[in-house]
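Observations on chain architecture
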Amino acid sequence: MALSNDRFITLDIFRGMTICFMIIVNSPGSGAVQWAPLDHAAWFGFTPTDLVFPSFLFAVGNALSFSKKKFESNSSFLSKVFKRTVIIFLLGYLMYWFPFMHREAGTWMFNPIGNTRIMGVLQRIALCYLFGSLIVHYCSKKTTVLISVVLLLSYWAFLLLFGINGQEYTMLGNAGTRLDMLILGSAHLYHEHGGPVAFDPEGLLSTMTGIVNVIGGYLAGAYIQRKGRNYESVAMLLIYGAVLIFAALFWGQFFPISKKLWTSSFVLLTIGLDLAILGILVYVIELKNIKWGTDFFLVFGRNSLAIYLLSELLLICIQLIWIKPGLSFYKWINDVFYQPVFPGAFGTLVFAVCYMMLCWLVGYIMDKKKIYIKI
């Protein structure tokens, strides 16, 4: 394979792995408690699932560094960045509003726009991409690192200064929730299982630390381009990763690691882990030329946004389709097949893997037909 194309292989595989596991953790089967490793930490702490979303932001930053697109002018750069940001944000907003209707007393009712969630996964990706792109485009690498440090420390300070005294790191007492309630309002926040408690894990304030995940991915990609794909690069990625993981664990004693708060220690931990994973992938794929199984993840990586949207919208559809009144297809297939054959938490995992494979099949067909949806 030509070198010009080869430089994207590891990134596509990394992004594909992220989408693959994102689908699995977002679509567990019903009828039993979700398998623990595929569930987020309750509040503080860390599980493998907590690495998925920040890894996608890391991949976004990595892609920024490998993009060689030349802009004719500053306005063309800004136009491209803002256009992409708006499209991704709107796709996320419409995805949470979908299917725009709900059942109430057996009849379909319109979902009022006043109760739609404004922030979300794609919305955070859009905003982090926007600010990350502007920072790495206009600032030197040293300034970019300095900005990252300022963002992480500022977020910590905001939580301590503007949270409710003694409740700075709690769900309802932290400064991020208070800001979301003030600007967006309760009706536009995430309500878990439709309950009364309004808390958005992808809120406005914690988006500032998410930007650092994008910057981390960019700096890693820029380093690989500058030093090349060699043993020195792999060693440095692993060393930087280990240093950040150690720093995160140390900082976590004072500023707890929490995905739902997207704390600064959580950012350092996830960037450190992503650096280590990227280093291992470069070693295995680029240096040792071991490509076994990589085509599977490339299917996800080449159409990551389209397959992610498909996975979310299709899951909503199968939860809406009724086999009989009050029994959705989603619950029915878990009750009659997955739980009887694979009882307990393992059955929820098997359903998630099967669902992921269904999404992969669609991606495979798109790949074979050379259909690639880019923004």
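My aim in this report is to walk through the structure given alongside it, one point at a time. Bear in mind that the values here come from a model prediction, so they are computed numbers and not experimental data.

Below, the discussion takes up the overall build of the protein chain. Within the protein chain one finds 14 helices and four strands. Computed over the C-alpha atoms, the radius of gyration of the protein chain is 21 Å, within 12% of the 21 Å expected from 2.2 N^0.38 for a compact globule of 375 residues. Projected onto its principal axes, the C-alpha positions of the protein chain cover 60 × 55 × 40 Å. Taken across its 375 residues, the protein chain has 48% of its residues classed as buried. For the protein chain, contacts bridging at least 24 residues in sequence account for 74% of all contacts bridging at least 6. Put simply, the protein chain has 28 plus and 18 minus side-chain charges, and the middle of one group is 9 Å from the middle of the other.

On to the packing of aromatic side chains. How two aromatic rings sit relative to each other is set out by the distance from centre to centre and by the angle between their planes. Tallied over the entire structure, the rule returns 31 aromatic pairs. Where Trp 156 meets Trp 251, the ring centres are 5.4 Å apart and the plane angle is 70°; that geometry is what we call edge-to-face. Linking Trp 156 in helix H6 (residues 141–162) with Trp 251 in helix H9 (residues 231–251), this pair joins segments that are 95 residues apart in sequence. The exposure class assigned to Trp 156 is partly exposed, which follows from its relative accessible area of 23%. With centroids separated by 5.1 Å and ring planes inclined at 20°, the aromatic side chains of Trp 360 and Tyr 364 adopt a geometry described as stacked. With a gap of four residues between them, Trp 360 and Tyr 364 both fall in helix H14 (residues 345–368), about one helical turn apart. On the basis of relative accessible area, Trp 360 is assigned to the buried category, the value being 17%. Members of the aromatic cluster, each reached through a chain of ring pairs, are Tyr 330, Phe 337, Tyr 338, Phe 342, Phe 346, Phe 351 and Tyr 355. Residue placement shows Arg 117 over the ring face of Tyr 96; its charged tip is 4.6 Å from the ring centre.

A word on the side chain of Ser 148. Relative to the helices and strands, Ser 148 is located in helix H6. The exposure class of Ser 148 is buried, given its relative accessible area of 8%. Sequence-distant contacts of Ser 148, that is, excluding residues within four places in its chain, are made with Val 212 and Ile 215.

How each quantity is defined
- Residues numbered from 1 in each chain as written.
- Predicted model: local features only at pLDDT ≥ 70, side-chain atom pairs only at ≥ 80, totals over all residues.
- Heavy atoms only, no water.
- Helix = DSSP H or I, 4+ residues; strand = E, 2+ residues; numbered from the N terminus.
- Rg over C-alpha atoms; globule rule 2.2 N^0.38 Å.
- Buried < 20%, exposed > 50% of the residue type's maximum accessible area, 1.4 Å probe, protein only.
- Contact = heavy atoms within 4.5 Å.
- Lys, Arg positive; Asp, Glu negative; His and termini not counted.
- Charge placed at Lys NZ, Arg CZ, Asp CG, Glu CD.
- Phe/Tyr/Trp six-rings, centres within 6.5 Å; stacked < 30°, edge-to-face > 60°.
- Lys NZ or Arg CZ within 6 Å of the ring centre and 35° of its normal.

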